[in-house]
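Observations on the model geometry
Read off the chains here:
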Amino acid sequence: MKRNRIRIVHVSLIIFAFLLLSLGSATPGTPANMAYAASEPTVKKLVMGTSPDYPPYESVDAKSNGDIVGMDVDIAKAIASELGYQLEISGMDFNGLIAALQTNRVDFVMSGMSVTEERKKSVTFSDSYYTARNTIISQKKKAYDTVEQLAGKLVGTQLGSIQDQYAATIEGAKLKKLNKIADLIQELNSGRIDAAIVEDAVAVEMIRANPDLTMSFVPATEEDNGYAIAFPKQTKLVDDFNRALNQMKENGELQNIIDKWFEEKDAGENERSAFLNIDFRVLDGYVPYILKGIYVTLLFTLVSALLGLIWGTILSLFKISGIRPLQWFATAYTSIFRGTPLLVQLTLIYYATPQLFDFDIPALLAAGLAFGLNSAAYLSETIRGGIMAVDKGQREAAIALGVPYRKMMVRIIFPQALRHILPALVNEFVALLKESSLVSVIGVTELMRRADFVRASTFRSFEALLLVAAIYYVLVLILTSLARMLERRLRRSD
Amino acid sequence: MINVTNLTKAFGKNQVLKGISTQVDKGEVVALIGPSGSGKSTFLRCLNLLETPTSGTITIDGMELTNPKSDVARIRQRIGMVFQHFHLFPHMTVLDNITFAPIEVKGMTVEAARAKAHELLARVGLSDKADSYPSRLSGGQKQRVAIARSLAMEPDILLFDEPTSALDPEMVKEVLNVIRGLADSGMTMLIVTHEMKFAREAADTIYFLDDGKLVERATPELFFNQPQSERAARFLEQVL
């Protein structure tokens, strides 16, 4: 029985190593789909970065295999095939696209990205391949048809979009910038904003999914820059791409692709129940896609929790070791990781690792690492407290029996400390589970990000959110009841 | 067997032991008595280095404990210690408490350690408690398990730090009986105690400590009937 426990420690270490490996091999972000799967290995690969929450330009085909599809993807495929490259698509948050370009994680970005002076400072743009029309969206019962009517009104836009810049030029309008299209819809429906400025393709879909809204096109102006492909500053690709793009414009292929994605979709199925404006039927077909996120979320939580626990334990040992440099290190570590935002750590680890260590760290691994390292800082204090709370006599009794330090800690002190800190540990793990939604920033497709994709695809705000909230809640319930079982087991000696 | 020369111990500015020299023979049972704060417990704890002496030397069977090069863990295995508050491991059963160190430290096989543990439990009269957790035991039972735990390492020397002070009066006897049995078996023991009657009956030698010094070292008859120092006389007047 004694030996068994040691074996359990070994086994759990092996499991941990295995989990780390599986994090490394798990597909980063959205499954990258190969345009030309059968091509020989000599064909050079191009990685396209995109934020697949902007249909019809790019979205996740959540109803089938979760691939990234859309107009941008089709254009990219056509260009890549013309130039003889193999295309790989990497999904990430829109805000991370430029960083991904600068750190050479992707070769180019196509993500409904408009050309702005600001962006030109950090990237090189191709010729524009599509120019969208700005469109006003408002409630049917309080509709706005012209830009002039928006004076004195609160107007919503998507942060960083070209419409965001356009709206700034509307005289007298107050602006509210939101992260996602789905957020705009919600703010409109709840009347918190009077109108929203989006582009025509998005507007059409919004109206289709939300029958209470109406739209009105804004006349085109000269300054519209349109959407273009972004490259790193030092790229050599841009001329090739422009040439291919021109060719596609001339032979009509570009227009064909645009027509394919923008064609009028039947405006049927508009009979939605008005109650609270929630209709779970819109999730039909998307549920399996969201459910698959549970695996990613759990894997991530498990790895970061284990890493946090192991590393936190080591740090707490440093702190009570009485060895100055170790104490100093652990204290500084805790101070830094507790004193800076987790989101910053996550972003730094993901984007800096390839440059510092020449290792292209997968998003999920980076996320597990960041959360584990962060969690360790908090846990080291919790564990230290738990160790200190164990009666000093226990240590003396072990010393008097000649038990070596390591064995004393592992077999005598930790098991008792664990009992004291178990509730705090459970809190930490529950927090990790829920905070895992943060990692969508670097493109890990866990529950929250999948919900965002579905919100984008359905142009509906609440339903997917409520579904993932329920999933998180059930996961936390399971976690806490497991913890209660463990606690009961630890307390059997009372 | 144990040689102590000029042992001092200070906690900061507080000089607790002020130069103690003595020697203990094999099989000798020493009772350490004296007013509280006199340094009895500190002296005892120095003997297995739970407290690091400030100066002086301790030699056990020719091995110098106070020499930094000594294998302290190895010497410690030969010295058992029983504490006032037992310090049983609360998360282990009685049996596991007793077999833990023999298996993990001495490398004894599980079967041998268990056989030994059952034997020791029988010796302290607790055969039926092998699978209990410490929280289910009375104070006297806990202390007897603690003694069994120390004995399981087969020490040459046993140190008792006020083994009955934390016990309810009706449990003192059962513990003292076990210790008395050990004394009869020829174990070398040093016992810090307030039980004068027990000290008188069981000990070969009485150490009277006061203010960090070994004031008297005598047989029980001599000490209790004719204390040599005025301080010992006054102490005995108060406690008897």
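Residues numbered from 1 in each chain as written. Chains lettered and ligands numbered in written order. Predicted model: local features only at pLDDT ≥ 70, side-chain atom pairs only at ≥ 80, totals over all residues. Heavy atoms only, no water.

1. Quick look at the overall build of chain B
- Each helix and strand in chain B was counted, giving 9 helices and 10 strands.
- Taken over the C-alpha atoms alone, chain B extends approximately 55 × 45 × 30 Å along its principal axes.
- For chain B, the residues scored as buried account for 57% of the 240 residues in total.
- Expressed as a percentage of contacts within chain B between residues at least 6 apart in sequence, the contacts between residues at least 24 apart total 65%.
- Per element, the accessible surface of chain B, about 10100 Å² overall, is 45% carbon and sulfur. (Helix = DSSP H or I, 4+ residues; strand = E, 2+ residues; numbered from the N terminus. Buried < 20%, exposed > 50% of the residue type's maximum accessible area, 1.4 Å probe, protein only. Contact = heavy atoms within 4.5 Å. Areas by Shrake-Rupley, 256 points an atom, 1.4 Å probe, with all protein chains shown as cover.)

2. Focus: the nonpolar core
- One finds Ile442(A), Ile2(B), Leu32(B), Phe43(B) and Leu190(B) to be the most contacted residues of the largest nonpolar core, which totals 111 residues.
- The element contributing the most residues to this core is helix α15 (residues 405-435) of chain A, with 14 residues.
- Beyond its immediate stretch of four places on either side in the chain, Leu32(B) contacts Lys40(B), Phe43(B), Leu44(B), Leu190(B), Ile191(B), Val192(B), Thr193(B), Tyr207(B) and Leu209(B).
- Counting residues in hydrophobic clusters, the runner-up holds 51 residues, among them Ala80(A), Ile181(A), Ala203(A) and Met206(A). (Core = buried A, V, L, I, M, F, W, Y, C linked by side-chain atoms within 4.5 Å.)

3. Digging into the domain arrangement of chain B
Residues and elements named next belong to chain B.
- Segmentation of chain B into domains returns domain 1 (2-78 + 155-239) and domain 2 (90-154).
- Each of domain 1 and domain 2 has a C-alpha centre, and these two points are 25 Å apart.
- If you look at the interface, domain 1 gives 15 residues, while domain 2 gives 15 residues.
- On the domain 1 side of the interface with domain 2, the three residues burying the most area are Gln-77, Pro-155 and Val-178, jointly 40% of the side's total.
- Where domain 1 meets domain 2, there are 1 salt bridge. (Domains from an automatic or database assignment. Buried area = accessible area lost by both parts, 1.4 Å probe. Salt bridge = Lys/Arg side-chain N within 4 Å of Asp/Glu carboxyl O.)

4. Section: the packing of aromatic side chains
- Per the counting criterion, the structure on display carries 18 aromatic pairs over all chains.
- Where Phe223(B) meets Phe224(B), the ring centres are 5.2 Å apart and the plane angle is 85°; that geometry is what we call edge-to-face.
- A relative accessible area of 8% means that Phe224(B) is categorised as buried.
- Site record: aromatic cluster; members linked through ring pairs are Trp311(A), Phe318(A), Phe329(A), Tyr333(A) and Phe337(A).
- Note that Arg450(A) overlies the ring of Tyr289(A), its terminal NZ or CZ placed 4.6 Å from the centroid. (Phe/Tyr/Trp six-rings, centres within 6.5 Å; stacked < 30°, edge-to-face > 60°. Lys NZ or Arg CZ within 6 Å of the ring centre and 35° of its normal.)

5. Points about the interface of chain A and chain B
- Taken together, the contact pairs 23 residues of chain A with 28 residues of chain B.
- Here chain A meets chain B over a buried area of about 2400 Å², counting both sides, of which 59% is carbon and sulfur.
- Applying the counting rule to chain A against chain B returns 3 salt bridges.
- In this structure, Lys407(A) engages Glu104(B) in a salt bridge whose closest nitrogen and oxygen atoms are separated by 3.3 Å.
- Joining chain A to chain B, the criterion identifies 5 residue pairs in polar contact (both at pLDDT 80 or more).
- Within the residue set of the side of chain A that touches chain B, elements represented by two or more residues are α1 (2-25), α14 (392-400) and α15 of chain A.
- With 7 residues, the single largest contributor to the side of chain A that touches chain B is α14(A). (Polar contact = N/O pair within 3.5 Å; in protein donor to acceptor, adjacent residues only side chain to side chain.)

6. Examining the confidence of the model for chain A
All names here are of chain A.
- Per-chain confidence: chain A averages 84 in pLDDT, with 87% of residues scoring 70 or above.
- No element of chain A has a lower mean pLDDT than α1, at 58, and none a higher one than helix α11 (residues 324-339), at 95.
- Note on residues 26-40: pLDDT is under 50 here. Beyond four places in sequence and across chains, it has 36 contacts.
- Confidence over residues 266-274 falls short of pLDDT 50; this stretch has 13 contacts with residues more than four positions distant or in other chains. (pLDDT = per-residue confidence, 0-100.)

7. Re helix α9 (residues 253-262) of chain A
Residues and elements named next belong to chain A.
- Taken together, the buried positions of α9 are Leu-254, Ile-257, Ile-258 and Trp-261. Down the axis of α9, the smallest arc covering the buried residues is 100°, so these residues share one side.
- Along its buried surface, α9 packs onto β4 (68-69), α2 (71-83), β7 (123-130) and α8 (238-250). (Arc of directions from axis to C-beta.)

8. Some words on the packing of helix α5 (residues 139-152) of chain B against helix α6 (residues 169-184) of chain B
Residue and element names in this part refer to chain B.
- At their nearest, the axes of α5 and α6 sit 8 Å apart, and the two run at 20° to each other. On the basis of their axis angle, the class for α5 and α6 is roughly parallel. Remark: the crossing between α5 and α6 carries right-handed chirality. Contacts from Gly-139, Gly-140, Gln-141, Gln-143, Arg-144, Ile-147 and Leu-151 in α5 reach Met-171, Glu-174, Val-175, Val-178, Ile-179 and Leu-182 in α6. (Axes fitted to C-alpha atoms, helices over the stretch in contact; angles between N-to-C directions. Parallel < 35°, antiparallel > 145°, perpendicular 65-115°, else oblique. Left-handed = near helix turned anticlockwise from the far one by under 90°.)

9. Section: α6(B)
- Over its 16 residues, α6(B) runs 24 Å from end to end, which matches the ideal 22 Å to within 8%, given 1.5 Å per residue.
- Taken from the residues just after α6(B), Gly186(B) is the one with a positive phi, measuring 95°. (Expected span 1.5 Å × (residues − 1).)

10. As for the side chain of Ser216(A)
Residues and elements named next belong to chain A.
- If you trace the backbone, Ser-216 turns up in strand β12 (residues 213-217).
- Look at Ser-216 and you get buried, because its relative accessible area is 11%.
- Here Asp-145 takes part through its backbone oxygen, which lies 2.5 Å from a polar atom of the side chain of Ser-216.

11. A closer look at the sheet that holds β4(A)
Residue and element names in this part refer to chain A.
- The strand order β2-β3-β4 describes an open sheet built from 3 strands, whose pairing is antiparallel. Each end of this open sheet is capped by a strand with a single partner; those strands are β2 (53-54) and β4.
- With 2 bridges connecting them, strand β3 (residues 58-60) and β4 associate as antiparallel partners. Counterpart to Ser-59 in the pairing with β4 is Val-69. (Pairing = 2+ DSSP bridges.)

12. Quick word on the packing of α11(A) against helix α13 (residues 363-388) of chain A
Residue and element names in this part refer to chain A.
- Contact pair α11 / α13: the axes reach a minimum separation of 9 Å and the direction vectors enclose 120°. Taken together, the axes of α11 and α13 are oblique relative to one another. In terms of crossing hand, the pair formed by α11 and α13 is left-handed. Each of Tyr-333, Thr-334, Phe-337 and Arg-338 in α11 lies in contact with α13, whose residues at this interface are Leu-373, Asn-374, Ala-376, Ala-377, Tyr-378, Ser-380 and Glu-381.

13. Points about the pairing of strand β5 (residues 86-91) of chain A
Residues and elements named next belong to chain A.
- Summarising burial for β5: 6 of the 6 residues are buried, a large majority.
- Burial along β5 is two-sided: the residues Gln-86, Glu-88 and Ser-90 and Leu-87, Ile-89 and Gly-91 are all buried.
- Inspection of the sheet shows strand β1 (residues 45-50) paired to β5 by 6 bridges, in the parallel sense. Of the residues in β5, the one forming a bridge with Val-47 is Glu-88.

14. Looking at the sheet that holds strand β5 (residues 63-64) of chain B
Residues and elements named next belong to chain B.
- As summarised here, the arrangement of the 4 strands in space is β2-β1-β4-β5, forming an open sheet in which the pairing is antiparallel. Whereas interior strands pair on both sides, the edge strands pair on one side only; in this sheet they are β2 (14-24) and β5.
- Bridge count between strand β4 (residues 55-60) and β5: 2 bridges; the pairing is antiparallel. The residue bridging Thr-59 from the neighbouring strand is Glu-64, located in β5.
- Relative to strand β1 (residues 2-11), helix α1 (residues 40-47) is tilted by about 120°, and along the sheet it contacts β1, β2 and β4.

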